Amino acid sequence: MIDLVGLIAPNILWILAIVIGGTLISISVHFIPVGGAPAAMAQATGIGTGTVMLAAGAGIAGIIAAGSVMDLNQDIGVVLGAAAVGAAVMLAATMIVATWIYAYGVGVMPVSAKVKYDPITKYRQDLYVSKGTEGHGIPTVAYVSSTIGGLLGGLGAGLAYYALMKVGTYAYAGVIPLEVHNLNLVGVVATFTIGFFFINSVIPSYNIVGTIEGFHDPKFKRWPKAAVASFLASIPLGIVAVIAVGALAFVGGL
Amino acid sequence: MSEHKMIPPNTLAAFGIVGGLVGIYLAYFLSPMNPIFLFFGALGAVCASIWGADVVRRVASYGLGTGVPSIGMLALGMGIIAVLFGLSLSLGPAGPLVAFIISCVIGAIIGIISVKVVGMTIPIMVRSTTEIAGAGAILILGFSIVIAGSLDYGAVVKEVITTGFIMMIYIAGGMAMLHPHNSNLGPDETQDRLLSLSAEKAGIAMVLTGLCSVAGMGTIAVTMLIGVFIWYVGFNKYYGFVKRDAYKVVDIGMLPTEEEMA
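Residues numbered from 1 in each chain as written. Chains lettered and ligands numbered in written order. Predicted model: local features only at pLDDT ≥ 70, side-chain atom pairs only at ≥ 80, totals over all residues.

**A few points about the overall build of chain A**
Scanning chain A from terminus to terminus reveals eight helices and two strands. Counting from the amino terminus, chain A carries its helices and strands in the arrangement α-α-α-α-α-β-β-α-α-α. Here chain A has a C-alpha radius of gyration of 20 Å; the compact-globule value for 254 residues is 18 Å, and the two agree. A principal-axis box enclosing the C-alpha atoms of chain A has dimensions of 70 × 35 × 25 Å. Taking all 254 residues of chain A together, 58% fall into the buried category. (Helix = DSSP H or I, 4+ residues; strand = E, 2+ residues; numbered from the N terminus. Rg over C-alpha atoms; globule rule 2.2 N^0.38 Å. Buried ≥ 20, exposed ≤ 12 C-beta atoms within 10 Å, placed from the backbone.)

**Observations regarding the overall build of chain B**
Scanning chain B from terminus to terminus reveals ten helices and zero strands. Helices (α) and strands (β) of chain B occur, in sequence order from the N terminus, as α-α-α-α-α-α-α-α-α-α. For 262 residues, the compact-globule estimate of 2.2 N^0.38 gives 18 Å, and chain B sits close to it at 19 Å. Here chain B holds 262 residues, and 58% of them are scored as buried. Put simply, of all contacts in chain B between residues at least 6 apart along the chain, 72% involve residues at least 24 apart. (Contact = placed C-beta atoms within 7 Å.)

**Quick look at the interface of chain A and chain B**
In this complex, chain A contributes 38 residues to the contact, which on the side of chain B involves 35 residues. At the level of elements, helix H4 (51–70), helix H7 (183–207) and helix H8 (223–250) of chain A are the ones that each hand at least two residues to the side of chain A that touches chain B. Of the residues forming the side of chain A that touches chain B, the biggest block, 15 residues, is contributed by H7(A). Per-class residue counts for the side of chain A that touches chain B are 27 nonpolar, ten polar and one charged. (Nonpolar A, V, L, I, M, F, W, Y, C, P; charged D, E, K, R; others polar.)

**Let's talk about the environment of A:Ala157**
All names here are of chain A. Here Ala 157 lies in helix H6 (residues 140–169). As for Ala 157 and Ile 60, which are separated by 97 residues in sequence, their C-alpha atoms are 8.0 Å apart. Beyond its immediate stretch of four places on either side in the chain, Ala 157 contacts Gly 21, Ile 25, Gly 59, Gly 62, Ile 63, Ala 66, Ala 83, Ala 87, Thr 193 and Phe 197.

**Looking at the packing of H7(A) against H8(A)**
Residues and elements named next belong to chain A. It is at 10 Å that the axes of H7 and H8 come closest, and there the two elements cross at 165°. Here H8 runs roughly antiparallel to H7, going by the angle between their axes. For the pair H7 and H8, the sense of crossing is right-handed. Residue-level inspection shows Asn 184, Leu 185, Val 188, Val 189, Phe 192, Phe 196, Ile 199, Asn 200, Ile 203, Pro 204 and Asn 207 of H7 in contact with H8, the latter providing Lys 225, Ala 226, Ala 229, Ser 230, Ala 233, Ser 234, Leu 237, Ala 241, Val 245 and Leu 248. Tallied by class, residues from the contact of H7 with H8 come to 15 nonpolar, five polar and one charged. (Axes fitted to C-alpha atoms, helices over the stretch in contact; angles between N-to-C directions. Parallel < 35°, antiparallel > 145°, perpendicular 65-115°, else oblique. Left-handed = near helix turned anticlockwise from the far one by under 90°.)

**Section: unusual backbone geometry**
Residues and elements named next belong to chain A. Unusually for a residue other than glycine, Ala 42 sits at a positive phi of about 55°. With respect to the helices and strands, Ala 42 occurs in the loop between helix H3 (36–40) and H4. Despite not being glycine, Lys 122 has its phi angle at roughly 65°, a positive value. Along the polypeptide, Lys 122 turns up in the loop between strand S1 (111–112) and strand S2 (135–136). According to the C-beta neighbour criterion, Lys 122 is exposed, with 8 such atoms within 10 Å.

**Comments concerning the environment of B:Leu91**
All names here are of chain B. Locating Leu 91 in the fold gives a position in the loop between helix H3 (69–88) and helix H4 (94–116). The partly exposed category is assigned to Leu 91, around which 16 C-beta atoms lie within 10 Å. Each C-alpha atom of the pair Leu 91 and Asn 10 lies 29 Å from the other, and the pair is 81 residues apart in sequence.

**Regarding helix H1 (residues 9–30) of chain B**
All names here are of chain B. Compared with an ideal rise of 1.5 Å per residue, which puts 22 residues at 32 Å, H1 spans 31 Å between its outermost C-alpha atoms and is within 8% of the ideal. By the burial criterion, the buried members of H1 are Leu 12, Gly 16, Ile 17, Gly 19, Gly 20, Leu 21, Gly 23, Ile 24, Ala 27 and Tyr 28. The secondary structure elements touched by the buried residues of H1 are helix H2 (39–60), H4 and helix H5 (125–148). (Expected span 1.5 Å × (residues − 1).)

**A word on the packing of H3(B) against H4(B)**
Residue and element names in this part refer to chain B. Axis separation between H3 and H4 bottoms out at 8 Å; the angle between their running directions is 140°. With respect to each other, H3 and H4 are oriented oblique. The interaxial crossing formed by H3 with H4 has right-handed handedness. Each of Met 78, Gly 79, Ile 81, Ala 82, Val 83, Phe 85, Gly 86 and Leu 87 in H3 lies in contact with H4, whose residues at this interface are Gly 95, Pro 96, Val 98, Ala 99, Ile 102, Ser 103, Ile 106, Gly 107 and Ile 110. Split by residue class, the contact of H3 with H4 holds twelve nonpolar, five polar and no charged.

**Describing the environment of B:Ala215**
All names here are of chain B. Along the chain, Ala 215 falls in the loop between helix H8 (191–212) and helix H9 (217–245). The class of Ala 215 is buried, set by 24 C-beta atoms lying within 10 Å. Leave out the neighbours within four places in its chain, and Ala 215 touches Pro 35, Leu 38 and Gly 149.

**Notes on H3(B)**
With 20 residues, H3(B) should reach 28 Å at 1.5 Å per residue; the first-to-last C-alpha distance of 28 Å fits that figure. Backbone geometry just after H3(B) places B:Ser90 at a positive phi near 55°.

**Points about the confidence of the model for chain B**
For chain B, the mean per-residue pLDDT works out to 87, and 98% of the residues sit at or above 70. As scored by the predictor, the complex reaches a pTM of 0.88 and an ipTM of 0.86. (pLDDT = per-residue confidence, 0-100.)

Put into structure tokens, the structure is as follows:
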């Protein structure tokens with residue numbers, strides 16, 4: 001049995017960071033335009049897949065960016081920045097390719113059905129929505145919204161990753177501290193962060209009932225509910241994660 | 001749907017919990033004698049995945065609004081966190097049981113939060129997330145013991161997590177839980193057809209985990225063979241149920257050749 005108090009006490013700050021990371025991930029999902037199955041048939045605005053897949057894809061890209069940077073530079077700003085940009089680039093790349101497919105493959109124009117004028121380009125939207133659909137493609141406002149979502153989600157994932165790496169490399173009493181290069185530590189932290197990201201992207205996707213267009217969508221106003229839910233859910237997850245990652249140092253990093 | 005006999009939820013839950021834990025503990029205690037017995041762990045995981053598929057079926061038929069995969073990913077996410085926590089406490093044989101209980105607790109917390117805070121109206125939400133997290137934990141434990149050869153925290157971290165096989169368990173195991181409902185949902189959905197598909201998917205996951213095992217050729221061969229057998233039985237049963245439930249199965253022959261088209 002490992003020393004639980006000695007593990008949790010020095011890491012209260014990092015548990016808080018994990019909880020904030022989970023909340024950020026939860027908010028980020030509200031920015032990402034997902035249309036689910038209707039969007040896959042170009043009958044709803046957004047990318048044609050589920051929230052969880054898209055948000056998790058962005059989150060994992062963020063974790064990969066954070067992990068590879070953390071190996072070289074342990075500055076919190078650099079790690080979080082890399083994670084945020086990594087996730088945002090992943091989403092932006094997904095959306096530009098999706099836009100090409102919608103425009104040149106499916107033959108529909110990017111248009112939002114939720115607003116009359118695109119809040120960013122001020123272009124008229126409602127005239128171009130095909131009959132019987134709820135918009136199609138990824139209009140500019142959804143694109144910008146999703147990039148913001150990627151930045152936030154990556155930031156959340158990076159924060160959770162950074163916090164857990166700090167927990168793993170902390171010098172506990174009578175224990176040799178681990179290095180950031182320890183592969184087992186990186187593996188456990190990355191696995192945890194991915195599981196954590198999945199949980200915190202499912203909770204908000206229940207909140208938006210599967211589809212959203214971005215920050216101009218009326219459903220976006222529901223975000224505080226999901227943020228509170230993820231905040232509460234992340235507290236036990238954060239404690240459990242800190243114990244499991246910290247225990248690696250106690251067994252000598254293997 | 002009513003003309004078919006349904007297996008009640010409690011029976012399937014008992015099947016998943018008892019079958020899963022017995023499988024894991026048989027593998028745990030018998031593997032020091034001969035590593036071939038590790039395949040019991042994968043059998044436990046198959047039991048858990050059938051249980052999980054039934055829970056997904058019950059909860060997702062209320063309409064989650066987000067697609068069925070979300071709840072499968074949620075299950076495995078909770079399972080992974082609970083399993084790593086349970087094993088990291090270094091409790092020896094109690095580890096898997098603690099991991100299972102912790103995952104149920106995490107599942108209940110997430111369920112209560114999604115009902116009370118997010119405001120989901122599914123009446124069985126709390127029970128479902130609890131059950132599905134437990135099924136996810138047993139599934140990960142069962143497949144992990146096959147790959148790592150033991151449930152020692154160090155062995156699992158080195159052989160399952162650091163090698164990245166955990167992601168294969170995550171997706172292949174998640175498939176066994178979420179895919180059956182995702183592909184069978186609708187008004188003509190029947191429980192036996194869905195569960196046979198889950199067994200078939202779990203068989204594929206068992207073949208893959210057997211291939212990744214570090215416990216020697218004997219374990220790899222036995223686990224993969226049993227996995228192929230489960231896949232074969234599951235697939236044939238599923239095909240039989242599809243034929244039973246379909247209005248008519250028509251053989252359309254091969255695609256017409258170019259000359260026939262002209």
